[in-house]
Amino acid sequence: MTSFPDRKLNPALVPVDRPRRLRTTPAMRRMVTETRVHPAQLMLPAFVAEGIDEAREISTLPGQFQHTTESIRTLAEQAVRAGIGGIDLFGVPTRKDEIGSQAWNPEGILNRSIAAVRDAVGDDLVICADTCLDEFTDHGHCGALTPDGRVDNDATLPLYAEMAVSQARAGAHLVSPSGMMDGQIAVIRDALDAEGFTDVSILAYSAKYASAFFGPFRGAVNSSLKGDRKTYQQDPANRREGMRETLLDLAEGADMVMVKPASHYLDVLSDVAEISPVPVAAYQVSGEYAMLEAAAANGWIDRQRCITESLTSIARAGADVILSYFAIEAADWFRY
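Thresholds applied
- Residues numbered from 1 in each chain as written.
- Predicted model: local features only at pLDDT ≥ 70, side-chain atom pairs only at ≥ 80, totals over all residues.
- Heavy atoms only, no water.
- Helix = DSSP H or I, 4+ residues; strand = E, 2+ residues; numbered from the N terminus.
- Contact = heavy atoms within 4.5 Å.
- Areas by Shrake-Rupley, 256 points an atom, 1.4 Å probe, with all protein chains shown as cover.
- Buried < 20%, exposed > 50% of the residue type's maximum accessible area, 1.4 Å probe, protein only.
- Arc of directions from axis to C-beta.
- Salt bridge = Lys/Arg side-chain N within 4 Å of Asp/Glu carboxyl O.
- Axes fitted to C-alpha atoms, helices over the stretch in contact; angles between N-to-C directions.
- Left-handed = near helix turned anticlockwise from the far one by under 90°.
- Nonpolar A, V, L, I, M, F, W, Y, C, P; charged D, E, K, R; others polar.
- Expected span 1.5 Å × (residues − 1).
- Core = buried A, V, L, I, M, F, W, Y, C linked by side-chain atoms within 4.5 Å.
- Patch = residues over 30% accessible without salt bridge, like charges linked within 9 Å, V, L, I, M, F, W, Y side chains within 5 Å.
- Right-handed = clockwise from strand over helix to strand, strands pointing away.
- Pairing = 2+ DSSP bridges.
- Phe/Tyr/Trp six-rings, centres within 6.5 Å; stacked < 30°, edge-to-face > 60°.

Colleague: Help me get a handle on the overall build of the chain, residues and values and all.
Modeller: Assigned secondary structure in the chain consists of 11 helices and 10 strands. Each principal axis of the C-alpha distribution contributes one length, and for the chain these read about 80 × 40 × 35 Å. If you take every contact in the chain between residues at least 6 apart in sequence, the share linking residues at least 24 apart comes to 75%. Total accessible area computed for the chain in this model is approximately 16,100 Å², and 50% of it derives from carbon and sulfur atoms.

Colleague: Provide a residue-level description of helix 8 (residues 266-275), including the pertinent values.
Modeller: Residues of helix 8 that are buried: Val268, Leu269, Asp271 and Val272. In an axial view of helix 8, the angular spread of the buried residues amounts to 160°, which keeps them on one side of the axis. On its buried side, helix 8 packs onto strand 7 (201-208), helix 7 (240-252), strand 8 (256-260), strand 9 (280-283) and helix 10 (303-316).

Colleague: Lay out the pattern of salt bridges with the relevant residues and their values.
Modeller: Tallied over the full model, the rule gives 13 salt bridges. Note that arginine 189 and aspartate 255 form a salt bridge whose closest N and O atoms lie 3.5 Å from each other. Of this pair, arginine 189 sits in helix 5 (residues 184-194) while aspartate 255 sits in the loop between helix 7 and strand 8, and the two are 66 residues apart along the sequence.

Colleague: An account of unusual backbone geometry is requested, with residue identities and associated values reported.
Modeller: Residues lysine 260 and proline 261 are joined by a peptide bond in cis, for which omega reads -5°. Assignment of secondary structure puts proline 261 in the loop between strand 8 and helix 8. With phi around 60°, methionine 180 is a residue other than glycine that occupies positive phi space. Inspection of the secondary structure assignment puts methionine 180 in the loop between strand 6 (174-177) and helix 5.

Colleague: Lay out the packing of helix 7 against helix 8 with the relevant residues and their values.
Modeller: A pair of packed helices is characterised by two quantities: the angle between their axes and the separation of those axes. Axis separation between helix 7 and helix 8 bottoms out at 10 Å; the angle between their running directions is 35°. Here helix 7 and helix 8 pass one another in a crossing that is right-handed. Contacts between helix 7 and helix 8 involve Gly242, Met243, Thr246, Leu247 and Leu250 from the first element and Val268, Asp271, Val272 and Ile275 from the second. Each residue belonging to the contact of helix 7 with helix 8 can be placed in one class, and the counts come to 6 nonpolar, 2 polar and 1 charged.

Colleague: Mind laying out helix 2 (residues 71-82), listing which residues take part and the relevant values?
Modeller: Each full turn of the α-helix corresponds to 3.6 residues, which orients residues three or four apart in the same direction. Here helix 2 spans 17 Å end to end across 12 residues, near enough to the 16 Å set by a 1.5 Å rise per residue. When we look at burial in helix 2, the residues that qualify are Ser71, Ile72, Leu75, Ala76, Ala79 and Ala82. All buried residues of helix 2 lie within an arc of 140° about the axis, which places them on one face of the element. Of the surrounding elements, those touching the buried residues of helix 2 are strand 1 (42-49), strand 3 (61-67), strand 4 (86-92), helix 3 (109-121) and helix 11 (327-333). Positive phi appears at glycine 83, one or two residues downstream of helix 2, with a value of about 85°.

Colleague: Which residues make up the nonpolar core, and what values do they have?
Modeller: Side chains of nonpolar character tend, in soluble globular proteins, to be buried together. Of all hydrophobic cores here, the largest spans 104 residues; its most connected members are Phe47, Ile84, Leu89, Leu192 and Tyr283. Sort the elements by how many residues they give to this core and helix 4 (residues 153-170) lands first, with 9 residues. Not counting residues up to four positions away in its chain, the partners in contact with tyrosine 283 are Pro45, Phe90, Tyr205, Phe217, Met258, Val259, Lys260, Pro261, Ala262, Glu288, Leu323 and Tyr325.

Colleague: How would you sum up a nonpolar patch on the surface? Please name residues and give values.
Modeller: A cluster of nonpolar side chains, contributed by Leu9, Leu13 and Val14, occupies part of the molecular surface with about 300 Å² of accessible area. For valine 14, the position within the fold is in the segment before helix 1 (26-31).

Colleague: Residue-level account of the pairing of strand 7, with values.
Modeller: Along strand 7, 7 of the 8 residues are buried, which leaves the element largely enclosed by surrounding structure. Taken together, strand 6, helix 5 and strand 7 form a β-α-β motif whose crossover is right-handed. Pairing geometry for strand 7 and strand 8, over 5 bridges, is parallel. Paired with leucine 203 across the two strands is methionine 256, which belongs to strand 8.

Colleague: An account of the environment of alanine 210 is needed here, citing residue identities and associated values.
Modeller: The residue alanine 210 is located in the loop between strand 7 and helix 6 (215-220) in this model. Taking C-alpha positions, alanine 210 is 29 Å from isoleucine 72, a pair spaced 138 residues apart along the chain. Alanine 210 has contacts with Lys230, Gln233, Gln234 and Pro236, leaving out every residue within four places of it along the chain.

Colleague: Lay out the packing of aromatic side chains with the relevant residues and their values.
Modeller: Scanning all chains against the criterion turns up 6 aromatic pairs. Ring geometry for tyrosine 283 versus tyrosine 325: centroids 6.1 Å apart, planes at 50°, classification tilted. Placement of the pair is tyrosine 283 in strand 9 and tyrosine 325 in the loop between strand 10 (321-323) and helix 11, with a sequence separation of 42 residues. Ring plane angle 65° and centroid distance 5.6 Å describe the contact between tyrosine 289 and tyrosine 325, whose orientation is recorded as edge-to-face. In this pair, tyrosine 289 is assigned in helix 9 (residues 286-297) and tyrosine 325 in the loop between strand 10 and helix 11, connecting sequence segments 36 residues apart. One exposure class covers both tyrosine 289 and tyrosine 325, and it is buried.

Here it is in structure tokens:
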């Protein structure tokens, strides 16, 4: 048996303040936990694809699927049973054009999936719809293009308004413009109100960065993008800019604001949470999900502990709502 060294602790240095007292037992640690994630804070991003007969696993997002309008109903019902707060729907069409016109087609895949989910679960789950054109355009950008190939901010805004109104008609409780066009919240709010959808909320993607962590998502939506989105999504090096974008969206009438991605932008999330008078969301994006899954599959990490730690860190930074592909599974882990 190894013996202790003969050195004695100076009595003057014996600790009086002992934080470890509050870590002595699992019950003690539970009682003094500062940050708790509740299942109702979680929202599940989900994909509905045209032209498939059954749910199809996404190769870039193992464990996630492109759904049919039938299988998405089942997933939404599962989400209700899990007690999570909402579902965020993304459409994957077979037909694309230069302005993404299928985005506001009542019979388009996204609007049909919104209607299917609303029919299945009614008001028991918040139904959020992605209000962006990138899945629907043949060039993969989030808006209409100028003749020289730039995204035309002001020509895109009426298209977002048309899309948001169509989503409200289909049954969305919440529309979520993610394209980072200047003025998009004001234009969408005006259009919704003009059509009588004053109760439909807007979740603004306020601080959305041109992140490399979006990579697996592009496989999930069959993205047509060539190039990048750096002229409208934010520079990952910029922190203050996230605050500026958030303040503009709040002034335009956003009911909720979002930081995306989450884990690598906790400083921005904390900044936004400190000043926001409305709920703050954060999106644990596809790259964050895929890294955790890959490391767990290789046996390098404890999967459940790392997932719960990652979600807790996002809540600790200030998120009231967390969008995560782990939402349904993690809901059981957060039942204290």
